[in-house]
Amino acid sequence: MKKKTALIYGITGQDGAYLTKFLLTKNYIVHGIIRRSSSFNTHRLDGIYIDPHYKTNLYLHYGDITDSTSVTKNILQIKPDEIYNLAAQSQVRVSFDIPEYTSNVVALGALRILDTIKTLKLNKKIKFYQAGSSEMFGSAKPPQNEKTLFYPRSPYAVAKVFSNWITINYREAYNIFACNGILFNHESPLRGETFVTKKIVSAICKIKENKQKKLYLGNLYAKRDWGHAKDYVRAMWMMMQQTKPRDFVISTGKQHTVKEFINLTARELKMKITWKGKGQREKGIWNKKEIIAIDKKYFRPTEVESLRGDSRLARKVLKWKPSYNIKSMIQEMINEEYKS
Ligand code: NAP
Ligand code: F7E
C-alpha cells in the first residue's frame, strides 16, 4: 500500500515532535517546516531525525507560516495527503506583548495554508488539521464543549478564534476536509520551559537538589484541565482519519489549580510544601525555606480562570481516551527532568 504523506507546520514544537514520532510509527512519510534560526531549534527532534543521505521517512524544509511564498512553494512541492497546522506563537502571556505578530502567525497562518489548498485546487487531495485551543473558551463557564460559545481573553485566543472560523469557512465554501481540534492544555517532558507545568516541575526538582533557590509564579488559582501531549497528538490523527471533517474537543475532564499542580509535584518528590500569606504575599515553604513566591509580572492583563473540557463527542465518535492521568504525567516529567 502507498505510504501516506504528512506535512507538519510547527514540527519543532512539543506537539510537532510527538506527532512526528506517532506518524512515523504509522508508516507515514513526514515533512516538516522549520524556521531559520541563529541557534538550533530542532532539539525536540533529536533521536527522530535521520540525515536524508541515509534511509529516512522524515524530511525538513525551511519556511515560515508568515511567508506566503514559502507556504505555496512547500505545499506545491510536497503535495501531502494531510497537513497539520501546529505553528503558533503559543505563549498566551507573550501575546499581550506582541499581539500583531501573534495574530499574523496564529490567525493568518491558518488562512495562508487553507488558501493555498484552494488556489492550487488541492481540496480533493489534502486533509487539513487546525490546532485549536481551549483558550478560545476564555471566560465561558466549564465544562466547555463543541457547542460552548467562545469568549477569548488574550490576543492569542482571539487569533485562534479566527483560525477556527476560517477553517470552518473554507470547509463549507470550498469543500476542503478541514477540521479543528479544540485541545485543552497538554504537557510533557518536551513542554516549553516557560509554560507553568514545566516551569514548576523543573524548578521543584532543582530546589530539592539545591540547584535553585526560589520559584517565582503568577496566579496560583487559575484552574486548568491538563492532559499529556502524547495522547493529544493521537487524537489529532484520529480526527483526520474520519470520512467527514468535524471539530472535536479533547480534554481529560479533570481540573486542578496551579497550586494543586505544585502540591502534586512536591508530593511525587516526597516534599511537603506549607503555604503562608495571601494574594501577592503568598509563599510556599519547604524545609523552613521560602521556595515559592509571587511575582506580578507573571499575571496576565486578562486571565482565563477556569477550564475543564467535556470531550464526550471525541470519546464516542473517535473512540479516543487519554492513557495518562495527572499523576503519571507529572511522574514522567520528573523522571525526564533528572535524565537531562
Ligand atoms: P510550541 O511548543 O510553542 O510549538 C510551536 C511551533 O510553531 C514551533 O515548532 C515553532 O517553531 C512553530 N512556529 C512558531 N512561529 C512560526 C512561524 N512563523 N512559522 C512557522 N512555524 C512557526 O506549541 P505546542 O505546545 O507544540 O502546540 C502546538 C499547537 O497547538 C500550537 O498551535 C498551539 O497554539 C496549539 N495548542 C497547544 C496546546 C498545549 O497545551 N500545548 C493546547 C491547545 C492548542 P520554532 O521552534 O522555530 O519556534
Ligand atoms: O499557564 C498561570 C497562568 O502558560 C497556565 C498554551 O499551550 O495552553 C497553554 O496556555 C496558567 C495560567 O498555559 C505562571 O496565569 C501562574 O492561568 O502554562 P500556561 P496557558 O496560558 O493555559 C493553551 C490551551 C494554549 O493553547 C496555549 O498555547 O498558569 N500561571 N504562574 C503561570 N503561567 C506561566 N506560563 N508562568 C507562570 O509563572
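**Student:** Any details on the overall build of the protein chain? Residues and values, ideally.
**Tutor:** Counting secondary structure elements, the protein chain contains ten helices and 15 strands. Residues classed as buried in the protein chain amount to 54% of the 340 residues present. In the protein chain, the share of contacts with a sequence separation of at least 24, taken over all contacts with a separation of at least 6, comes to 76%. In the form shown here, the protein chain has an accessible surface area of approximately 16,700 Å², with 53% of it arising from carbon and sulfur atoms. Seen as two clouds, the 59 positive and the 30 negative side-chain charges of the protein chain have centres 3 Å apart.

**Student:** I'd like to hear about the site of ligand 2, residue by residue, with values.
**Tutor:** In the vicinity of ligand 2, 23 residues are found, and the nearest of them are Ser-133, Tyr-156, Lys-199, Arg-300 and Glu-303. One nitrogen or oxygen atom from the main chain of Gly-218 is found 2.8 Å from a nitrogen atom belonging to ligand 2. When ligand 2 sits alone it has 700 Å² of accessible area, and the protein chains cover 96% of it. Sorting the residues of the shell around ligand 2 by element identifies helix H6 (196-208) and strand E8 (215-217) as the ones contributing at least two each. The residue inventory of the shell around ligand 2, partitioned by class, reads nine nonpolar, eight polar and six charged.

**Student:** Residue-level account of the pattern of salt bridges, with values.
**Tutor:** Enumeration according to the criterion identifies 16 salt bridges in this entry. One salt bridge connects Lys-4 with Glu-82, and the closest N-O pair in it is separated by 3.6 Å. Residue Lys-4 is located in the segment before strand E1 (5-9), and its partner Glu-82 is located in strand E4 (residues 82-85); the two are separated by 78 residues in the primary sequence. For Lys-4, a relative accessible area of 35% corresponds to the partly exposed category. By relative accessible area, Glu-82 is classed as buried at 2%. For Glu-268, the salt bridge is made with Lys-327, and the minimal N-O distance between the two is 3.6 Å.

**Student:** Describe the packing of H6 against helix H8 (residues 258-268), naming the residues involved and giving the relevant values.
**Tutor:** Where H6 contacts H8, the two axes come as close as 10 Å, and the packing angle between them is 35 degrees. Regarding H6 and H8, the two cross each other, and that crossing is right-handed. Here Val-196, Thr-197, Ile-200, Val-201 and Ile-204 of H6 lie close against H8, whose contacting residues are Val-258, Phe-261, Ile-262 and Thr-265. Along the lines of polarity and charge, the residues of the contact of H6 with H8 split into seven nonpolar, two polar and no charged.

**Student:** Describe the site of ligand 1, and please don't skip the residues or the numbers.
**Tutor:** Neighbouring ligand 1 are 27 residues, the closest being Thr-12, Arg-35, Asp-64, Ser-90 and Tyr-156. Note that an oxygen atom of ligand 1 is positioned 3.3 Å from one of the backbone N or O atoms of Gly-10. Within the side chain of Ser-90, one N or O atom sits 2.7 Å away from an oxygen atom of ligand 1. Protein chains shield 91% of the accessible area of ligand 1, which is 900 Å² for the free molecule. In terms of residue count, strand E5 (residues 127-133) provides more of the shell around ligand 1 than any other element does, three residues in total. Looking at the shell around ligand 1 residue by residue, the classes come out as eleven nonpolar, eleven polar and five charged.

**Student:** Hey, could you go over the pairing of strand E15 (residues 289-294) for me, with residue numbers and the actual values?
**Tutor:** Two strands pair when backbone bridges link them, and E8 and E15 are joined in this way by three bridges, in the parallel orientation. Along E15, the bridge assignment pairs Tyr-216 with Ala-293. Adjacent in sequence and paired antiparallel, strand E14 (residues 283-286) and E15 are bridged by two residues, among which Asn-287 carries a positive phi angle near 55 degrees.

**Student:** I'd like a description of helix H2 (residues 68-78), backed by residues and values.
**Tutor:** Taken as a whole, H2 has its buried residues at Ser-70, Val-71, Asn-74, Ile-75 and Ile-78. For H2, the angular spread of buried residues about the axis comes to 120 degrees, placing them on one side. Exposed side chains of H2 directed beyond 90 degrees from the buried face belong to Thr-69 and Gln-77. Packed against the buried residues of H2 are E1, strand E2 (29-34), strand E3 (58-62), E4 and helix H4 (99-119). Positive backbone phi, at 40 degrees, marks Lys-79, one or two positions downstream of H2.

**Student:** How would you explain helix H7 (residues 229-240) if you had to name every residue and give the values?
**Tutor:** The terminal C-alpha atoms of H7 lie 17 Å apart, and with twelve residues this matches the ideal 16 Å at 1.5 Å per residue to within 8%. Counting buried residues along H7, ten of its twelve residues qualify, which places the element largely inside the surrounding structure. The complete set of buried residues in H7 reads Ala-229, Asp-231, Tyr-232, Val-233, Ala-235, Met-236, Trp-237, Met-238, Met-239 and Met-240.

**Student:** Break down the packing of aromatic side chains for me, with residues and values.
**Tutor:** Overall, the coordinates contain seven aromatic pairs when judged by the stated rule. Taken together, a centroid distance of 5.4 Å and an interplanar angle of 50 degrees make the contact between Phe-137 and Phe-150 tilted. Taken together, the positions of Phe-137 in the loop between E5 and helix H5 (155-174) and Phe-150 in the loop between E5 and H5 put the pair 13 residues apart, joining distant regions of the chain. With a relative accessible area of 0%, Phe-137 lands in the buried category. Note on Tyr-232 and Trp-320: the rings are 5.6 Å apart at their centroids and 90 degrees apart in plane angle, and the pair reads as edge-to-face. Of this pair, Tyr-232 sits in helix H7 while Trp-320 is found in the loop between helix H9 (312-318) and helix H10 (326-339), placing the two residues 88 residues apart along the sequence. You can call Trp-320 buried: its relative accessible area is 1%. An aromatic cluster is present here, built from Phe-137, Phe-150 and Phe-184 joined pairwise through their rings.

Scoring rules and cut-offs
- Residues numbered from 1 in each chain as written.
- Chains lettered and ligands numbered in written order.
- Predicted model: local features only at pLDDT ≥ 70, side-chain atom pairs only at ≥ 80, totals over all residues.
- Heavy atoms only, no water.
- Helix = DSSP H or I, 4+ residues; strand = E, 2+ residues; numbered from the N terminus.
- Buried < 20%, exposed > 50% of the residue type's maximum accessible area, 1.4 Å probe, protein only.
- Contact = heavy atoms within 4.5 Å.
- Areas by Shrake-Rupley, 256 points an atom, 1.4 Å probe, with all protein chains shown as cover.
- Lys, Arg positive; Asp, Glu negative; His and termini not counted.
- Charge placed at Lys NZ, Arg CZ, Asp CG, Glu CD.
- Near = heavy atom within 4 Å.
- Polar contact = N/O pair within 3.5 Å; in protein donor to acceptor, adjacent residues only side chain to side chain.
- Nonpolar A, V, L, I, M, F, W, Y, C, P; charged D, E, K, R; others polar.
- Salt bridge = Lys/Arg side-chain N within 4 Å of Asp/Glu carboxyl O.
- Axes fitted to C-alpha atoms, helices over the stretch in contact; angles between N-to-C directions.
- Left-handed = near helix turned anticlockwise from the far one by under 90°.
- Pairing = 2+ DSSP bridges.
- Arc of directions from axis to C-beta.
- Expected span 1.5 Å × (residues − 1).
- Phe/Tyr/Trp six-rings, centres within 6.5 Å; stacked < 30°, edge-to-face > 60°.

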